[in-house]
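Observations on chain architecture
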Amino acid sequence: MANPNHTSDSTVQRAIDTKAFDALQQSFSKKYYDSSLDDMAQKTIIIVPSLTLDQEVLRTVKGAIHYEERMLCMLLLLRRPRTHVVYVTSVPIDNSIIDYYLHLLPGITPYHARQRLTMLSCYDASNKSLTEKILERPRLIQRIKDEIKANDLGHMATFNVTAHEMKLALVLNVPIFGCHPDLWYIGTKTGSREIFRNLGLDLPYGFENLKNENDIADSLAKLKINNPQLQKAVIKINEGFSGEGNAIFHYPDDMPIDNSLAGTIRTNLQRDLKIVAPNMSYDVYMEKFRDMGGIVEEFVSGEVVESPSVQCRINPIGEPEVMSTHDQILGGEGGQVYLGAVFPAKKEYRVEIGAIGRKIADELKRLGVLGRFAVDFMSVKQPNGWKHYPIEINLRKGGTTHPFIMLQYLTDGFYVWQEGAYMMAHGQTRSYVSSDNVQSDKYKGLTPHDLIDIAMCNQILYDGAKQTGVMFHMIGALSEFGKLGMVCIGKSVEEANDIYQKTIAVLDKECA
């Protein structure tokens, strides 16, 4: 079922030949082994890092257009000598940033890689999604098509897949390594809760399929009646992302629990609700909620609460894999905003959540899901272990995708979820601390060249010989917004965190 709430998306999808798209995807399944196992196979990977999401919510994220740079980690695919990468962005990416990534390629000269890399831009910083911008530019589309060779084994890699990405795939005649938009519902907050409940998993007490403020107030009242000690609840828009579609409701201490409770909550809903997204008004938030629907659930609390996630992938021949586990670093109102992650998740529960992730991946395989997705948890420490509440499925690439891809491509290792260990040659292992939200006004005005010069002079850049150090991303956001991302790789979580703290100290000192 296509998303009925997004009129423009639905209009696009009605104009798409879905049988032709399905045939493209089936061809991908048939060629997958040839494409993935043969490093010498000729293939073109077209990377379209479009955040095809609600653009009004996305505007609340500082430097959102530079999030298109997060998938630059996929330039490391150029380590395969016959792979060609086409990378398309809204605005051009500085050459120094591209050189920064290419110098990391093991066994490949930057010159050789450059011959197989095509960087293209829409030269358009408007609030439309990147995919929509590409579709409006037939000459740009032709330039992309000109890079695809006959009998190519390649595909298109995107952040998420909507009707716009389907249309682009058909125009280019290449499959997408991503989930069919007809399955969008699985990745909503409501759809996620239904999946978890059907699998018999624990989930926070709450209600889904809500449509408006009255539904929200009724659900908040039911939560309080069920648990009179409850102090906070979370309201989530079905298609929010990185916590930006969430809001926290605070129950007043003097609120009477009686038959008028729902009416009292409804009357004071605006007063007692704190919206996570900065600069989003109550009216806009509720308009979004009425448009997309959502859920209300208990705010999970306890003496020790963690927010781990499991990243999974279902490949084109239907094999589910648990790719990684992370402990998420959260901030913002009520700890609802994704800031970064630590890999792997804590030893005491990483295998447990990996097993739950695999169970969910098996179910999503049955439903026809393709590509990467992540399951977020709230985990509460109990006297005899941990209780894990899965809270949502992110049916797309996310904040933990690019750091792990970077680690894999740099170190050529893999995660064994049954052991909770990342394995490399000679029995070595690696961990990392990553963030998309390293931000300070002091960093404003730093150019990409400045950043790389600072990192080299202070000897903090990733060292291919030691396979430790810091990798920067979202460098293009630095000068204007004082914001960038980092992946700090160490032999242990402690070493990775030391590298992270040292890097922050270097930047602060250099910009003092």
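As the structure is a computational prediction, the values presented were derived from the model and not from experiment.

Here we come to the overall build of the protein chain. Broken down by element type, the protein chain carries 18 helices and 20 strands. For the protein chain, whose C-alpha radius of gyration is 23 Å, the value lies close to the compact-globule estimate of 24 Å for 512 residues. For the protein chain, the spread of C-alpha atoms along the three principal axes comes to 70 × 55 × 45 Å. A total of 512 residues make up the protein chain; the buried ones form 60% of that total. Considering only contacts within the protein chain whose residues lie at least 6 apart along the sequence, 70% involve residues at least 24 apart. Per element, the accessible surface of the protein chain, about 21,300 Å² overall, is 48% carbon and sulfur. In the protein chain, 55 side chains carry a positive charge and 62 a negative one; their mean positions are 4 Å apart.

Moving on: the pairing of strand 1 (residues 43–48). Summarising burial for strand 1: six of the six residues are buried, a large majority. The two faces of strand 1 match: K43, I45 and I47 on one face and T44, I46 and V48 on the other face are all buried. Two strands pair when backbone bridges link them, and strand 1 and strand 2 (residues 83–89) are joined in this way by five bridges, in the parallel orientation. Looking at the pairing, K43 lines up with T83 of strand 2. For strand 1 and strand 4 (residues 155–158), the ladder comprises four bridges, and the chain directions are parallel. Looking at strand 4, one finds that I47 is bridged to A157.

Taking strand neighbours across the sheet as the criterion, the four strands line up as 3-2-1-4 in an open arrangement whose pairing is parallel. Two strands close off the open sheet at either side, each with one partner strand: strand 3 (117–121) and strand 4. Recorded for the sheet is a direction-independent mean angle of 20° between the axes of neighbouring strands. Sitting on the sheet, helix 7 (residues 138–146) is in contact with strand 1, strand 2 and strand 3, with an inclination near 175° to strand 3.

Moving on, we get to the confidence of the model for the protein chain. Overall, the predicted model of the protein chain reaches an average pLDDT of 91, with 94% of residues at or above 70. Predicted confidence in the protein chain is weakest over helix 1 (residues 7–14), with a mean pLDDT of 52, and strongest over strand 3, with 98. Below pLDDT 50 for its whole length, residues 1–7 participates in 16 contacts with residues either more than four positions away or in separate chains.

On to the pattern of salt bridges, then. Following the criterion strictly, the structure yields 21 salt bridges and no others. Residue K346 is joined to E306 by a salt bridge in which the shortest nitrogen-to-oxygen separation is 3.3 Å. Here K346 is found in the loop between strand 13 (337–343) and helix 14 (350–367), whereas its partner E306 is found in strand 10 (residues 305–306), with 40 residues between them in sequence. What makes K346 partly exposed here is its relative accessible area of 31%.

The subject of this paragraph is the packing of aromatic side chains. The final tally for this structure, using the stated rule, is eleven aromatic pairs. Here W184 and Y185 contribute two aromatic rings whose centre-to-centre distance is 5.9 Å and whose plane-to-plane angle is 90°, an arrangement assigned as edge-to-face. Note on W184: relative accessible area 17%, which makes it buried. Classification of Y185 by relative accessible area gives partly exposed; the value is 26%. Over the aromatic face of F207 sits the side chain of K222, whose NZ or CZ is 5.3 Å from the ring centroid.

It is worth spelling out the side chain of N394 at this point. One can find N394 in strand 15 (residues 385–394). A polar atom in the side chain of N394 sits 3.1 Å from the side chain of D376. Contact partners of N394, with chain neighbours within four places excluded, come to F373, A374 and D376.

This next bit is on unusual backbone geometry. Across the junction of F343 and P344, the peptide omega takes the value -10°, indicating a cis bond. Here the phi dihedral of Y123 falls at roughly 50°; this positive angle occurs in a residue that is not glycine. Along the chain, the position of Y123 falls in the loop between strand 3 and helix 6 (130–135). With a phi close to 60°, D412 is a non-glycine residue in the positive phi region. Considering the arrangement of structural elements, one finds D412 in the loop between helix 15 (401–411) and strand 16 (414–416).

Here we come to the pairing of strand 6 (residues 232–237). Side-chain positions along a regular strand alternate between the two faces of the sheet. Along strand 6, five of the six residues are buried, which leaves the element largely enclosed by surrounding structure. Pairing analysis gives five bridges linking strand 6 to strand 7 (residues 246–250), with the strands arranged antiparallel. When the bridges of strand 7 are listed, A233 appears paired with F249. One ladder, built from five bridges, connects strand 6 with strand 9 (residues 294–298); its direction is antiparallel. Bridging across to strand 9, V234 finds its partner in E297.

Rules used throughout
Residues numbered from 1 in each chain as written. Predicted model: local features only at pLDDT ≥ 70, side-chain atom pairs only at ≥ 80, totals over all residues. Heavy atoms only, no water. Helix = DSSP H or I, 4+ residues; strand = E, 2+ residues; numbered from the N terminus. Rg over C-alpha atoms; globule rule 2.2 N^0.38 Å. Buried < 20%, exposed > 50% of the residue type's maximum accessible area, 1.4 Å probe, protein only. Contact = heavy atoms within 4.5 Å. Areas by Shrake-Rupley, 256 points an atom, 1.4 Å probe, with all protein chains shown as cover. Lys, Arg positive; Asp, Glu negative; His and termini not counted. Charge placed at Lys NZ, Arg CZ, Asp CG, Glu CD. Pairing = 2+ DSSP bridges. Axes fitted to C-alpha atoms, helices over the stretch in contact; angles between N-to-C directions. pLDDT = per-residue confidence, 0-100. Salt bridge = Lys/Arg side-chain N within 4 Å of Asp/Glu carboxyl O. Phe/Tyr/Trp six-rings, centres within 6.5 Å; stacked < 30°, edge-to-face > 60°. Lys NZ or Arg CZ within 6 Å of the ring centre and 35° of its normal. Polar contact = N/O pair within 3.5 Å; in protein donor to acceptor, adjacent residues only side chain to side chain.

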